[in-house]
Amino acid sequence: MFSTAFLDLPALLTASGTVTLPGSKSISNRVLLLAALCEGVTTLHDVLDSDDTRVMLAALEAMGCKIESQGPTFKVHGLAGQLADLPLQLFLGNAGTAMRPLTAALAVLGGDFELSGVPRMHERPIGDLVDALRQLGCTIDYVGNAGFPPLRIGKPNLQLSKPIQVRGDVSSQFLTALLMALPLVAKKDIVIEVVGKLISRPYIEITLQLLARFGVTVQRDEWQRFTIPAGAKLRSPGDLHVEADASSASYFIALGAITQSDSANAGTGASATQGIRIQGVGANSIQGDIRFIEAAQAMGAHVESGPNYLHVSRGAWPLKAISLDCNHIPDAAMTLAVMALYAKGTTVLTNIASWRVKETDRIAAMATELRKLGASVVESPDSIAITPPQNPSDWHSASIHTYDDHRIAMCFSLAAFNPAGKSIRIEDPKCVAKTFPDYFEALFSLCQAAPNSIPVICVDGPTASGKGTLAASLAEQLGYHFLDSGALYRITALAALQAGLELEPSHETAIAQLVRTMAIHFEGELVWLNGKDITVAIRTEAAGMNASKVSVLGAVRSALVDLQHQFRQLPGLVADGRDMGTVIFPDAPLKVYLTASAACRAERRYKQLISKGVSATLGTLCADLEARDARDTTRAIAPLKPAQDAELLDNSALTVDQSVTQVLKWWQSKQPF
């Protein structure tokens, strides 16, 4: 997951391949709660790992539920509706799928509970659910503003004889919460009547189907009256598999609809070379958001479906503008708003009033961010109309504010495919952790960009100038890949010896071929070769001597140049080492030449050696560095020198943080945002 302050997406050209989706948030949190409340032990497979599910799991364990986990599989020991008589304070973040159903369950069971969340959760309405629960005789008080969390829950005096009325036009989660909680106290038939038009009906379908899996069949009279039968009891189904998230599928359905495939980079097989294959969910999903497929097809997407997969490719182009009542796909409809940027005409999405009470006011937020890109947008209390930029020249680069809303971050990433080749910045990319922590990694695994559009920052300079430390820190702050080119010869020598090759000209061709098969990964100060940590192995004196032996082999040097070019991957690269800006990446938009006086560098190396128990003298180290500088700057091939357009940074008197700050300022000055 990217945890940087922002993530810059260069212009993206094509996309193809296969993506496997994480489990559904809506299903995961529902089945976790049902498994905790029911009788028996339930094994849940493919549970989503996200902020919202972690919040639910922590709450259930605080309630006394024993939960054993192994990866995405959880064994939940049901409480059978019995809670320990202890006061509890539960923090539920911004997870509506935890706050609403836990409020109902705890209210009917009774106790001493306080439920709170992040500031935005305290702005999300819950009054209609509280009013419905109070009709039952539940004791619920507002800790802050009336109608909103935080809440304090006490012991109830349940009255089950009259129908319970709940509004359905604000959030379907209120009805879901009641449906999941009331089987705990169904000594007689319990009737729920929906006041007004019920929105987001497909989410209620999910709830009803899952309740049936846990042994409770709810009788439904249209969408206005629901009856939980007397004697209903939640019982474990034993094993249950969580479907992949249909809402998350919408981003990749859209990706297939708006992009062309690059068959040269798409892998093998017909389905791999054309469009996007989405694993984990099919058109027969129980989730309402799967009907996003119909909207995407109406806009021009070509969609095929199998038992547990979708395959999407571009059909009509440009896409067709649509007018759609989105009550049935409230979350996925946000993706349609970004697809509208690629449509001919004005796309109108209606019946989306629920957007205003989600993680943020999504209608206002989407309108604001779409306008940044050059779209014309008209919003109303329950609709949004989007007219895309008319010409490529009307598109703008934009820094997308995400409002701590995962869906805004994910759907606006698709704007990087704009026809003007404009880059897009996604602020606070880690907000996707709510439902899809690895979203951007999944996106980049499918997408291709023109190599020269993938940004590179080169950090060059003399020995012991601190360029490796600076480059690694820059890569971490920007979310870019990191290349420690100075380690490549050491890695090559180690790999060759492990393969039984002598570091001699007679094995030059074989070593060069080996280079082309090496899988190297840099992670901060750690170095991985073919999945094994070789950090210590390449830092020895012998490894340095072996590196010198392979560095004189021309075919090996040529193979390593090709290897270094392969590190230029989305979303960007920070390359540390000799010749990065002058030879390897001469088109890099930022080249930094880092230096310090020989005396300063010698003192740093002296302290480093002493801390490791290695004896050294300052004078000797300084003389060695001066001699090394002289050799490097006068060598016949690629002498050490700043690139003509390099930024010079003398860090003799600077800390690492100060150096990083300066380089980031230079980098920001080159961005269009």
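Refer to the structure presented above.
Treat the numbers as computed from the prediction; the structure is a model and nothing was measured. (Residues numbered from 1 in each chain as written. Predicted model: local features only at pLDDT ≥ 70, side-chain atom pairs only at ≥ 80, totals over all residues. Heavy atoms only, no water.)

Visitor: I'd love a proper account of the nonpolar core, names of residues and values included.
Guide: Phe 252, Ile 278 and Met 366 are the most contacted members of the largest nonpolar core, which totals 85 residues. The element best represented in this core is helix α7 (residues 246-258), accounting for nine residues. Among all residues touching Ile 278, those that are not within four sequence positions of it are Val 19, Leu 21, Ala 249, Phe 252, Ile 253, Asn 308, Tyr 309, Leu 310 and Val 312. Formed by 81 residues, the second largest nonpolar core is a distinct cluster that contains Leu 60, Leu 92, Phe 113 and Leu 240. (Core = buried A, V, L, I, M, F, W, Y, C linked by side-chain atoms within 4.5 Å. Buried < 20%, exposed > 50% of the residue type's maximum accessible area, 1.4 Å probe, protein only. Helix = DSSP H or I, 4+ residues; strand = E, 2+ residues; numbered from the N terminus. Contact = heavy atoms within 4.5 Å.)

Visitor: Run through the side chain of His 328, naming residues and quoting values.
Guide: Structurally, His 328 is set in the loop between β20 (323-325) and α10 (333-339). Judged by relative accessible area, His 328 falls into the buried class, the value being 15%. At 3.2 Å, the side chain of His 328 and the backbone oxygen of Asp 325 are in polar contact. Beyond its immediate chain neighbours, meaning those up to four positions away, His 328 contacts Pro 202, Gly 288, Asp 289 and Arg 291. (Polar contact = N/O pair within 3.5 Å; in protein donor to acceptor, adjacent residues only side chain to side chain.)

Visitor: Break down the sheet that holds strand β23 (residues 376-380) for me, with residues and values.
Guide: Taken in spatial order, the four strands of this open sheet run β20-β22-β24-β23, and their pairing is mixed. Each end of this open sheet is capped by a strand with a single partner; those strands are β20 and β23. With direction set aside, neighbouring strand axes in the sheet form an average angle of 10°. Inspection of the sheet shows β23 paired to strand β24 (residues 383-387) by five bridges, in the antiparallel sense. Considered in β24, the bridge of Ser 380 is made with Ser 383. Where helix α11 (residues 362-373) meets the sheet, its contacts fall on β23 and β24, and the angle it forms with β23 comes to roughly 170°. (Pairing = 2+ DSSP bridges. Axes fitted to C-alpha atoms, helices over the stretch in contact; angles between N-to-C directions.)

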